[in-house]
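A look at the structure
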Amino acid sequence: MAEPLYRPGSEQDFDRLYRDTYSRLLGTLTGILRDRASAEDCVQEAFARAYRHWKDWKPEAPAEAWLHRIALNVAFGERKRRRLREIGEVVRRFGAPRQDGDPGAGDEVDLLVALRKLPPEQAAAIILRHLHGYTNREIGIALGIPERTVASRLAAAKRRLRTELGPAFARGEAGTLARSAVSPDD
Amino acid sequence: MSDGNEFEDWLGQELERRLHPNLSSVPAPHYRNEGTRRGPLSKFISGLVAALATKTATGLTVAVLAAGATGAVIVGVQSGAIQQFSESMRTVVEDCKGQPPTNGQHGIGACVASSARHHGSEARSNNPGQGSKPDKSGKPVETGKPDQTGKPANPGHSGDHPGGKPTPRPADDGGGD
């Protein structure tokens, strides 16, 4: 990830940062939330928070990783609120929450569904590495964890993903796994 | 290992295909007009803070004013009548200590009571409108000495006793500063 130069507190640089990184942040949050509209709202909220603290940004941390940290915090909070709403809704309708905790997942084999079953930090690490090509250091900054923990977290996430997706992948269905109705463009 | 690499390659391709937003243009940012777009929770919190701040400021102002007024009253009273009276009584006690016992009595109680009574009578005659009751006879007590029974004259008149309501001493009495 080539890091352009930004100056803390500069309005023009923050505008440029917004244009340069909006698309990648939206991709990350769509993977975490599985909902394009919520992801767009969270990205805007993240930029609003970042804008308030832009003058305090330390250039030692890559600006995009710093932004990702803010955006992931917003998305994790949104996931918690959504989960509480879903549980409350299920309890209200049926009297007991679903055990799989992922309404609408059904039996489909889907990468985004499998990502959703991971702990949010592991899902974020997978997206940052395999979608954006982040280094361990950048993932550590984005997740607020030590760099040496990133490798073990990525390995654990990949093991769980292979368990979820492996049989279909081994049958050569990898190319058709994305047939799920869940799509960020929906 | 090749299986692992294959899985990772597939993972990257799938993530790119599923999560890339394919935006033709970046939407307009919201962070510039964030100040005018506040949610109900932030409005409630800021309203609560403003209300608390106003109430706190009002309470502090009232407390400061009340404390200042009370202090002024206390200082005024202490530096006025009470201070004068206590100074004069201190002088009376010192004088009584220097006098020999009369009629075989010990102590300075009778002497002090008589002097206080004398002081009260003087104060009433000099300040008739101050609220102190006039002496029933209308005459001041002439001597500070006990009567024949050894008891202070007019013992039931508590209005002149130091233990009763104090009477401001006139300034020309020499008791004040």
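Keep in mind it's a predicted model, so treat the numbers as computed, not measured. (Residues numbered from 1 in each chain as written. Chains lettered and ligands numbered in written order. Predicted model: local features only at pLDDT ≥ 70, side-chain atom pairs only at ≥ 80, totals over all residues. Heavy atoms only, no water.)

1. As for the overall build of chain B
Short version of the rule: For the purposes of this entry, the term helix denotes a DSSP run of H or I that reaches at least four residues, the term strand denotes a run of E that reaches at least two, and both are numbered from the N terminus. Here's how the labels work: a residue is buried when its accessible area is under 20% of the maximum for its type, exposed when over 50%, partly exposed in between, all with a 1.4 Å probe on protein chains only. Pairs of residues are marked as contacts when any of their non-hydrogen atoms sit within 4.5 Å.
The helix and strand tally for chain B stands at three helices and zero strands. For chain B, the α and β elements follow one another from N to C terminus as α-α-α. For chain B, the residues scored as buried account for 21% of the 177 residues in total. For chain B, the proportion of contacts with a sequence separation of at least 24, taken over those separated by at least 6, is 59%.

2. Focus on the nonpolar core
The cut-off we apply is this: What we call a nonpolar core is a set of buried Ala, Val, Leu, Ile, Met, Phe, Trp, Tyr and Cys residues that are connected through their side-chain atoms within 4.5 Å.
One finds Phe47(A), Leu115(A), Leu161(A) and Leu15(B) to be the most contacted residues of the largest nonpolar core, which totals 59 residues. Among the secondary structure elements, those contributing two or more residues to this core are helix H1 (11-33), helix H2 (36-52), helix H3 (63-94), helix H4 (111-117), helix H5 (120-130), helix H6 (136-143) and helix H7 (147-170) of chain A together with helix H1 (2-19) of chain B. Tallying contributions element by element places H3(A) first for this core, with ten residues. Leu115(A) has contacts with Ala123(A), Ile126(A), Ile127(A), Leu161(A) and Leu15(B), leaving out every residue within four places of it along the chain.

3. As for the environment of Leu23(B)
With respect to the helices and strands, Leu23(B) occurs in the loop between H1 and helix H2 (40-98). Here Leu23(B) falls in the partly exposed class, since its relative accessible area comes to 30%. With residues up to four places along the chain from it excluded, the contact list for Leu23(B) reads Tyr22(A), Ser23(A), Leu26(A) and Arg36(A).

4. Focus: the pattern of salt bridges
Residue and element names in this part refer to chain A. Rules: A pair is scored as a salt bridge if a Lys or Arg side-chain nitrogen falls within 4 Å of a carboxyl oxygen belonging to Asp or Glu.
For the structure on display, the rule yields 14 salt bridges over all chains. A salt bridge links Arg82 to Asp35; the nearest nitrogen and oxygen atoms lie 3.6 Å apart. Residue Arg82 is found in helix H3, and its partner Asp35 is found in the loop between H1 and H2; the two are separated by 47 residues along the sequence. Note that Glu40 and Arg36 form a salt bridge whose closest N and O atoms lie 3.3 Å from each other. Here Arg36 and Glu40 lie together in helix H2, a separation of four residues that amounts to about one turn. In this structure Arg36 comes out as buried when scored by relative accessible area, which is 15%.

5. Notes on the environment of Glu164(A)
All names here are of chain A. Structurally, the position occupied by Glu164 is in helix H7. On the basis of relative accessibility, which here comes to 38%, the residue Glu164 falls in the partly exposed class. For the pair Glu164 and Leu115, spaced 49 residues apart in the sequence, the C-alpha separation amounts to 9.3 Å.

6. Notes on the packing of H5(A) against H6(A)
All names here are of chain A. Formally: Here the axes come from fitting lines to C-alpha atoms, over the contacting stretch only for helices, and the angles between their N-to-C directions go from 0 to 180 degrees. Geometric relationships in this document are graded by angle, where less than 35 degrees denotes roughly parallel, more than 145 denotes roughly antiparallel, 65 to 115 denotes roughly perpendicular, and other angles denote oblique. Working rule for handedness: look at the near helix, and if it is turned counterclockwise from the far one by less than a right angle, call the crossing left-handed; if clockwise, right-handed. In this classification, the charged set is Asp, Glu, Lys and Arg, the nonpolar set is Ala, Val, Leu, Ile, Met, Phe, Trp, Tyr, Cys and Pro, and all remaining amino acids, among them Gly, are polar.
Between H5 and H6, the shortest axis-to-axis distance is 10 Å and the interhelical angle comes to 140 degrees. The orientation of H5 relative to H6 falls into the category oblique. Judged by the twist between their axes, the crossing of H5 over H6 is right-handed. Facing Glu121, Ala124, Ala125, Leu128 and Arg129 of H5, the residues of H6 in contact are Asn136, Ile139, Ala142 and Leu143. Class assignment of the residues belonging to the contact of H5 with H6 gives a composition of six nonpolar, one polar and two charged.

7. Concerning the confidence of the model for chain B
Interpretation of the predicted coordinates at a detailed level should be avoided for regions scoring low in pLDDT. Residues and elements named next belong to chain B. So the rule is basically this: Summary of the metric used: pLDDT quantifies the predictor's per-residue confidence within the range 0 to 100.
Taken residue by residue, chain B gives an average pLDDT of 65. The fraction at 70 or more is 44%. Taking the mean pLDDT of every element in chain B, the minimum, 67, falls on H2 and the maximum, 85, on H1. Low pLDDT, under 50, characterises residues 131-177; the stretch is placed with 57 contacts to residues that sit more than four places away or in other chains. Predicted as a complex, the structure gets a pTM of 0.54 and an ipTM equal to 0.77.

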